[in-house]
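# Working through the structure, step by step
Chain by chain, the residues:
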Amino acid sequence: MSIKLKGSSDGSVSLTAPADTSPSGTDITLTLPTTDGDADQVLQTNGSGTLSWAIKGKVLKVEHSSSETNVTATQDEVYVDIPPNAGITTVGASSKILVHAHTNVHTGVGTNPRVRMRLVRTVGGTNTTIAEANEALIDYGSVGIHVQGVGFSVLDNPGQSAGTAITYHLEFANSTGNGNVGANNNGRTDITMMEIEA
């Protein structure tokens, strides 16, 4: 069934209900907002039929941190922090944070190494791993130290209120125990955080 609204001079706009609702036969009521909203806003539902205007996907804040501090992971499976601890304080409630973190990992000759990497979020002293990987580094034998870029791009959903301080940092570990693995010896670590409105 449709409702057709005719234009004052020509044309019309129709609103059409689906042939069936889910669950089948359910009567659905949608309540429109009391205003016409602002430019670029969209209608959103509260899940109970009440519609309101909202801006979706708006970038609220961008922060960036970097470090060239050299660190080494010498023990098998023991994680070491890679500076920096990059911080962002949320502007909105329940925002998502797009995090891009990149570092340069290096190894000595003939070690056939693997490195475990993880991206960690810290809120109020509580650490949460939000991404991890086990990377194989290329072994160049007697050629010399090899440097390889490793990173994550993650859309994080920390679910925090406005004004919450959140930090992100990388950690790595030597997952073979065969030689040392280091970070930032021939490069740096960069972490960029973009807060996106819920």
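Residues numbered from 1 in each chain as written. Predicted model: local features only at pLDDT ≥ 70, side-chain atom pairs only at ≥ 80, totals over all residues. Heavy atoms only, no water.

## Topic: the overall build of the chain
Filter applied, for reference: Labels follow the DSSP assignment, with helices taken as runs of H or I lasting at least four residues and strands as runs of E lasting at least two, numbered in each case from the N terminus. Any residue under 20% of the maximum accessible area for its type is buried, any over 50% is exposed, and the rest in between are partly exposed; the area is computed with a 1.4 Å probe on protein chains only. Note on contacts: a residue pair qualifies if any of its non-hydrogen atoms lie within 4.5 Å across the two residues. Per-residue and other accessible areas follow the Shrake-Rupley method at a 1.4 Å probe size, with only the shown protein chains counted as cover for residues.
The helix and strand inventory of the chain stands at zero helices and 14 strands. Across the 198 residues that make up the chain, the buried fraction comes to 31%. Partitioning the intrachain contacts of the chain with sequence separation of at least 6 by distance along the chain shows that 72% fall at a separation of at least 24. By element, 48% of the accessible surface of the chain is carried by carbon and sulfur atoms, the whole surface being about 11400 Å².

## What to know about the nonpolar core
What counts, and what does not: Buried residues of nine kinds, namely Ala, Val, Leu, Ile, Met, Phe, Trp, Tyr and Cys, make up a nonpolar core once their side-chain atoms join them within 4.5 Å.
Met-117, Leu-119, Tyr-168 and Phe-172 are the most contacted members of the largest nonpolar core, which totals 25 residues. Broken down by secondary-structure element, the contributors of at least two residues to this core are β6 (71-73), β7 (80-89), β8 (96-107), β9 (114-123), β11 (146-156), β12 (165-174), β13 (181-183) and β14 (189-196). Here Leu-119 is in contact with Val-99, Ala-101, Thr-128, Thr-129, Ile-130, Ala-131, Phe-152, Val-154, Tyr-168, His-169 and Leu-170, once residues within four sequence places are set aside.

## Section: the confidence of the model for the chain
Using the following cut-off: On a range of 0 to 100, pLDDT expresses the predictor's confidence in each residue.
Scored by pLDDT, the chain has a mean of 84; 88% of the residues are at 70 or more. Mean pLDDT values for the elements of the chain range from 76 in β13 up to 96 in β14.

## Structural notes on the packing of aromatic side chains
The test is simple: Only centres within 6.5 Å qualify two rings of Phe, Tyr or Trp (six-membered ring in Trp) as a pair; their planes then separate them into stacked at under 30 degrees, edge-to-face at over 60, and tilted for everything else. Two limits define a charge over a ring: the Lys NZ or Arg CZ must be within 6 Å of the ring centre, and within 35 degrees of the ring normal.
Under the criterion given, the structure shown has zero aromatic pairs. Just above the ring of Tyr-79 sits the side chain of Arg-118; from NZ or CZ to the centre is 3.5 Å.

## Some points on a nonpolar patch on the surface
Here is the rule we go by: A patch consists of residues whose relative accessible area exceeds 30% and which take part in no salt bridge; residues with like charges are grouped when within 9 Å of each other, and nonpolar side chains (Val, Leu, Ile, Met, Phe, Trp, Tyr) when within 5 Å. Here, a salt bridge means any Lys or Arg side-chain nitrogen found within 4 Å of an Asp or Glu carboxyl oxygen.
Together, Ile-3, Leu-5, Val-13 and Leu-15 make up an exposed nonpolar region whose accessible area comes to about 400 Å². Among the secondary structure elements, those contributing two or more residues to the nonpolar patch are β1 (2-6) and β2 (12-16). Take Val-13: it is sitting in strand β2.

## A few points about the pattern of salt bridges
The tally for this structure, following the rule as stated, stands at four salt bridges. Notably, a salt bridge pairs Glu-171 with Arg-118, separated by 2.6 Å at the nearest N-O pair. Here the residue Glu-171 occupies a position in strand β12, and Arg-118 occupies one in strand β9, the gap between them amounting to 53 residues. Classification of Arg-118 as partly exposed rests on a relative accessible area of 22%. One salt bridge connects Arg-121 with Asp-156, and the closest N-O pair in it is separated by 2.7 Å. You can see Arg-121 sitting in strand β9 and its partner Asp-156 sitting in strand β11, a full 35 residues away along the chain. Each of the two residues, Arg-121 as well as Asp-156, counts as buried.

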